[in-house]
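# Structural description and commentary
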Amino acid sequence: MATITSAASGDWDASGTWDAGVPASGDDVVVTGAHDVAINVDVTCASLTTTAYSGTLTQNAGQEFTVDGDIAWSGGTFTGGDSAITAEAFALTGGTWTSTSDTFSVDRGAGGYIAETLFLYSGGTFTHSSGTVRFDYTQGGGVWSILTLDCTSTPTFNNVTFEGGRNSASYSVKWTLSGSATVAGDLSINPDAGRYLLLDGGTYSVGGNISSAAGASGGTSVISLAGTSTYSGVTAGKFPKLQILAGATVTAATADATCQSFSQTGGSFTCPTGTFSIDRGAGNNIAETLFLYSGGTFTHGGGSSTVRFDYLQGSSVWSVLTLDCTSTPTFNNVTFEGGRNSASYPVKWTLSGTANVAGDLIISPDAGYYLLLDGGAYSVAGDLSCAANSNGGTTAITLSGTGVQTVTQTAGSWPAGAWTNSNTAGHVIQATNVTLGGALTTATDSRWCQETYDLAVTGTVTNNGALIKDNAGVSSPTIGSGNAVEIGPCVAVVAAAGPFAVGAFDKGWATAWR
């Protein structure tokens, strides 16, 4: 290995261009002075450095440029071509770097644990030339590697892709952004098969589409969208934090997608038709806002689409995970999963504001884990169910559907906020015994059908509608005010025209028709 320095302008493969002959693949290359050098053949060298450089290094068409070590560019002009450029690390501190229109790979290769800055941009001008910048490191052992993109100056890339990763979900390779980066095209998080990586820190402002593949493990980076974009994901591949801004039109290109947190302050966002998971992963005590909706248009995916909230906590006191609904979103189905492995410190999902659930609300902690719903109010048009280790909370729930709404409590406790049955076009029916920790108010012309199941209400029951049980042996709550509990089958009220329309029934007729 030798250090070869430019001595004159000329082609890369001309010996007269260099002070000690044409650089070999293991040589360190220095370009200096006002020398204009053309990469006129495929080139491999050990490193590339500029020293007091004011000339131009040009990658001719069709020629690949591979640097097995670092590129340190501090002056002069680099003009990329239409073929691949590869380096282990890249630093731009001055001058001009015009990248290739093909792929510029910052590829650290393969190894064990490392903590290195692989991309530095603190001065000069970076021009993307409509190409792709690819970041890659494949780790085989050790704890997570931390690979830094130090963007003291903000680069504008075209497309960006992250590849490689660690062969352990517990120790994902961390690509850490210091500062911010603009991605004019697409951002892809695409770990190698069986490997895991995440994006930590900073903000990526993306003008194109985003995608995450299996092994993408979230992170704390913000992916900010303010244009027309699609997102593509899988349940096993997680975006970091998604941010939807004014001017954005963001739609799903796949049936499922997952992110670590979500915020929308403007623009338009449409959920996928399958499951949109807001999944904080696993850890210990945290207090974070995982869903923020303060402006714009949030559209659920319709059909059987579900928004899934999940966090799995292993120790410490309860985590407080906030859904900040300054504006009121309308979800389709909503499910809460995960929890804390201690009944004394369940994960608290805290709603600030109100949320509409056009479909079903499901509280389903993981086996051996506990969670509860605190604060705010959910208006639910579909069915409700809670499973073992649902630990109550203070959230209020309104049953607001227009058809049959089923309430199922296989185990666990419902939130102890105020319960309201405002379903006057259909009815609420129990599928199990049900215990409500808060007060219950039924609206005029609404019906709550116990069938053969017991209903217990800890708070006051204000029964302006009908509370009906199948027989006298079924346990019902004490009525604080309003109508007495009725006994008999819960048969749908049939609407009729003229004077016998449902709205015209007096209490006696309505009772008879039930």
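Once a new chain begins, its residue numbering starts again from 1 and follows that chain's sequence as written. Side-chain atom pairs in this predicted model are given and counted only at pLDDT of 80 or more, local residue features only at pLDDT of at least 70, and totals for whole chains, interfaces and linings cover all residues. Think of the side-chain values as coming from all heavy atoms in the structure, minus any hydrogens and water.

## Some remarks on a nonpolar patch on the surface
Selection criterion: Patch rule: a residue counts if its relative accessible area is over 30% and it has no salt bridge; like charges are joined within 9 Å, and nonpolar side chains (Val, Leu, Ile, Met, Phe, Trp, Tyr) within 5 Å. To measure how exposed things are, a 1.4 Å probe is used in the Shrake-Rupley method; for residues, cover is taken only from the protein chains shown. By definition here, a salt bridge exists when the distance from a side-chain nitrogen of Lys or Arg to a carboxyl oxygen of Asp or Glu is within 4 Å. Labels follow the DSSP assignment, with helices taken as runs of H or I lasting at least four residues and strands as runs of E lasting at least two, numbered in each case from the N terminus. Each residue is placed in one exposure class: buried if its accessible area under a 1.4 Å probe, protein chains only, is under 20% of its type's maximum, exposed if it is over 50%, and partly exposed if it falls in between.
A surface patch of nonpolar side chains, amounting to about 430 Å² of accessible area, comprises Tyr113, Val143, Trp144, Ile146 and Tyr171. As for its placement among the helices and strands, Trp144 is situated in the loop between strand 17 (132-139) and strand 18 (146-151). Residue Trp144 is classed as partly exposed on the basis of its relative accessible area, which comes to 33%.

## What to know about the pattern of salt bridges
The tally for this structure, following the rule as stated, stands at eight salt bridges. Across the salt bridge formed by Asp136 and Arg134, the nearest N and O atoms sit 2.4 Å from each other.

## Some points on the sheet that holds strand 2 (residues 10-11)
Just so we agree on the cut-off: Two strands are said to pair when DSSP picks up at least two bridges between them.
The strand order across the open sheet built from six strands is 2-4-7-10-13-16, with neighbouring strands paired in parallel fashion. The open sheet has two edge strands with one neighbour each: strand 2 and strand 16 (125-127). Two strands pair when backbone bridges link them, and strand 2 and strand 4 (residues 37-39) are joined in this way by two bridges, in the parallel orientation. From the neighbouring strand, Gly10 faces strand 4, where its bridge partner is Val37.

## Looking at the environment of Thr410
In this structure, Thr410 sits in the loop between strand 46 (404-409) and strand 47 (419-421). For Thr410, a relative accessible area of 59% gives the class exposed.

## Points about the nonpolar core
Worth spelling out the cut-off: Only buried Ala, Val, Leu, Ile, Met, Phe, Trp, Tyr and Cys residues count toward a nonpolar core, and they belong to the same one when joined by side-chain atoms within 4.5 Å.
Counting residues in hydrophobic clusters, the biggest one holds 108 residues, and the most contacted among them are Trp175 and Trp349. Among the nonpolar cores identified, the runner-up in size contains five residues, and Ile429, Cys449, Ala466 and Cys490 belong to it.

## Some thoughts on the environment of Thr458
Rules: We call two residues in contact whenever any of their non-hydrogen atoms come within 4.5 Å of each other.
Relative to the assigned elements, Thr458 resides in the loop between strand 52 (455-457) and strand 53 (461-463). Overall, the relative accessible area of 62% leaves Thr458 in the exposed class. In this structure the C-alpha to C-alpha distance between Thr458 and Ala110, which are 348 residues apart in sequence, comes to 61 Å. If near-sequence neighbours (up to four positions away) are discounted, Thr458 is found in contact with Leu436, Gly437 and Gly438.

## Notes on a negative patch on the surface
Counted only if it meets this: His is not counted here, nor are the chain ends, while Lys and Arg score as positive and Asp and Glu score as negative. For charged residues, the charge sits on one atom: NZ in Lys, CZ in Arg, CG in Asp, CD in Glu.
A surface patch of like charges, here negative, comprises Asp42, Glu64, Asp82 and Asp102. Within the secondary structure, Asp42 sits in the loop between strand 4 and strand 5 (43-45). Taking the relative accessible area as the measure of exposure, Asp42 reaches 52% and is therefore exposed.

## Re unusual backbone geometry
A positive phi angle is found at Ala52, which is not glycine, with a value near 45°. Secondary-structure assignment places Ala52 in strand 6 (residues 47-53). The phi dihedral of Ser316 falls on the positive side, at around 75°, and the residue is not glycine. One can find Ser316 in the loop between strand 35 (306-313) and strand 36 (320-325). On the basis of relative accessible area, Ser316 is assigned to the partly exposed category, the value being 38%.

## Details of the state of the cysteines
What counts is decided by this rule: Pairs of cysteine sulfur atoms within 2.5 Å are what we label disulfides.
Per the stated rule, a full pass over the model turns up one disulfide. Here Cys449 engages in a disulfide with Cys490; their sulfurs sit 1.7 Å apart. In this pair, Cys449 is assigned in strand 51 (residues 447-451) and Cys490 in the loop between strand 56 (486-487) and helix 1 (507-513), connecting sequence segments 41 residues apart. Cys490 carries the same exposure label as Cys449, and that label is buried. Of all cysteine sulfurs, the one in Cys449 lies closest to Cys386, which takes part in no disulfide; the gap is 19 Å.

## Things to note about the confidence of the model for the protein
So the rule is basically this: Confidence scores here are pLDDT values: one per residue, from the predictor, ranging 0 to 100.
Per-residue confidence for the protein averages 94 on the pLDDT scale, and 95% of its residues sit at or above 70. A low-confidence stretch, residues 493-514 stays under pLDDT 50, and its non-local contacts, those more than four residues away or across chains, total 24 contacts.

## Remarks on the packing of aromatic side chains
The test is simple: Pairs were defined over the aromatic rings of Phe, Tyr and Trp, the Trp ring being its six-membered one, requiring ring centres within 6.5 Å. Orientation was assigned from the angle between planes: stacked under 30 degrees, edge-to-face over 60, tilted for the rest. A ring has a charge above it when a Lys NZ or an Arg CZ is no more than 6 Å from the ring centre and no more than 35 degrees off the ring normal.
Within the structure shown, the criterion is met by 43 aromatic pairs. Ring centres of Tyr121 and Phe126 lie 6.5 Å apart, and the angle between their planes is 55°; this geometry places the pair in the tilted category. Here the two residues Tyr121 and Phe126 agree in accessibility, since each one is buried. Here the aromatic rings of Tyr231 and Phe276 are separated by 6.3 Å at their centres, their planes lie at 50°, and the arrangement is tilted. You can see Tyr231 sitting in strand 27 (residues 228-232) and its partner Phe276 sitting in strand 32 (residues 275-283), a full 45 residues away along the chain. In this structure, Tyr231 and Phe276 share a single accessibility class: buried. The residue whose ring lies beneath Lys174 is Trp144, and the NZ or CZ to ring-centre distance is 4.3 Å.

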